[in-house]
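Breakdown of the fold
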Amino acid sequence: MRSYPKSIIFDLDGTLIDSVPAIRKTLNNIFSSEAGGELAIDEVKTLVGFGAKWMIAEVIKRKNIATSPNKFDELMARYYEEYLQVSDQFTEVYDGVVDVLNDLKKLKIKMGVCTNKPGTTTLAVLESLQLSKFFDAIVTEDDVEHRKPDPRHLFHTIKAIDSDPLDTVFVGDSETDMETARRAGVKSIFVTYGYCHVPFSEIRAAQFIEHFCDLPEALAKTMRQNP
């Protein structure tokens, strides 16, 4: 039995990076003229994980903002522009991520990112945080017709790194990630520090970890488990 899988797919926000402060700053900037006051950190956490278009639409609904297709497109354009301006300053890489990814890369394990985040902001933030070098493929919501929790998003990412679902472990922080892995028949590891929207008792995963530095041990335990 191998100690590690041949490939690992990671979610991004809430798994590798803490992007909520940057997203909060962006949303408050673009909705500053609307009623209802600023969005708090805890509220923004409830908006993360479903893609930027869903998030903007949800803020519009929660704030009861009158909109139109043109205004929505304008807000989306502003979101991308504002996020790219603040992401460097307000996004942090979780402790242990760089060291663990370095170690996994040395072992020649194929790695990819499967995220519902838009392509423009995903690539920019990974590059600015010097994380893109670790990944053989980065598949965003813009790259697929069916995004998570549809398993085709994960299948697309696995294919992009020339791997196989049976040789892959998916690492994520949300019920969406774990449902994606379950529907794809891929083993999963759940990180508890991210942006999950349901009680952990509802999460099904091979392993749970509280810190990213615990990932290597969790990968080994996952590989020892029966399929």
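Read on for a plain summary of the structure. (Residues numbered from 1 in each chain as written. Predicted model: local features only at pLDDT ≥ 70, side-chain atom pairs only at ≥ 80, totals over all residues. Heavy atoms only, no water.)

Digging into the nonpolar core
Rules: Nonpolar core, defined: a set of buried Ala, Val, Leu, Ile, Met, Phe, Trp, Tyr and Cys residues in which side-chain atoms within 4.5 Å join the residues together. Accessibility here uses a 1.4 Å probe with only protein chains present; expressed as a share of the type maximum, an area under 20% marks a residue as buried, one over 50% as exposed, and anything in between as partly exposed.
Phe 10, Leu 27, Phe 135 and Leu 215 are the most contacted members of the largest nonpolar core, which has 51 residues in total. Core analysis: the next-biggest nonpolar cluster, separate from the first, contains 10 residues, Ile 9, Ala 137, Ile 161 and Ala 184 among them.

A few points about the packing of aromatic side chains
Any two aromatic rings considered together are summarised by their centre-to-centre distance and by the angle between their planes. Under the convention used in this document: Paired rings are identified among Phe, Tyr and Trp, the last through its six-membered ring, by centres lying within 6.5 Å, and are further divided according to the angle between planes into stacked (under 30 degrees), edge-to-face (over 60) and tilted (the rest). Elements are defined by DSSP. Helices are runs of H or I of four residues or more, strands are runs of E of two residues or more, and each kind is numbered from the N terminus.
Per the counting criterion, the structure on display carries eight aromatic pairs. Taking the centre distance of 6.0 Å and the plane angle of 35° together, the rings of Phe 10 and Phe 212 count as tilted. With Phe 10 in strand S1 (residues 7-10) and Phe 212 in the loop between strand S8 (207-209) and helix H9 (215-224), the pair connects residues that are 202 residues apart, well separated along the chain. For the residue pair Phe 10 and Phe 212, the accessibility class agrees, reading buried in each case. Geometrically, the ring pair formed by Tyr 79 and Tyr 83 is stacked, given 5.9 Å between the ring centres and 20° between the ring planes. Placement of both Tyr 79 and Tyr 83 in helix H4 (residues 69-90) is noted, with a separation of four residues, approximately one turn of the helix.

Regarding the sheet that holds S1
The criterion, for reference: Pairing between strands is defined by DSSP: at least two bridges between the two strands are required. Throughout, an axis means a line fitted to C-alpha atoms (over the contacting stretch in the case of helices), and angles, computed between N-to-C directions, take values from 0 to 180 degrees.
Spatially, six strands are ordered S5-S4-S1-S6-S7-S8 in an open sheet, and the strand pairing comes out parallel. Two strands lie at the open edges of the sheet, namely strand S5 (137-139) and S8, each paired on one side alone. Sheet twist, expressed as the mean angle between neighbouring strand axes with direction ignored, is 20°.

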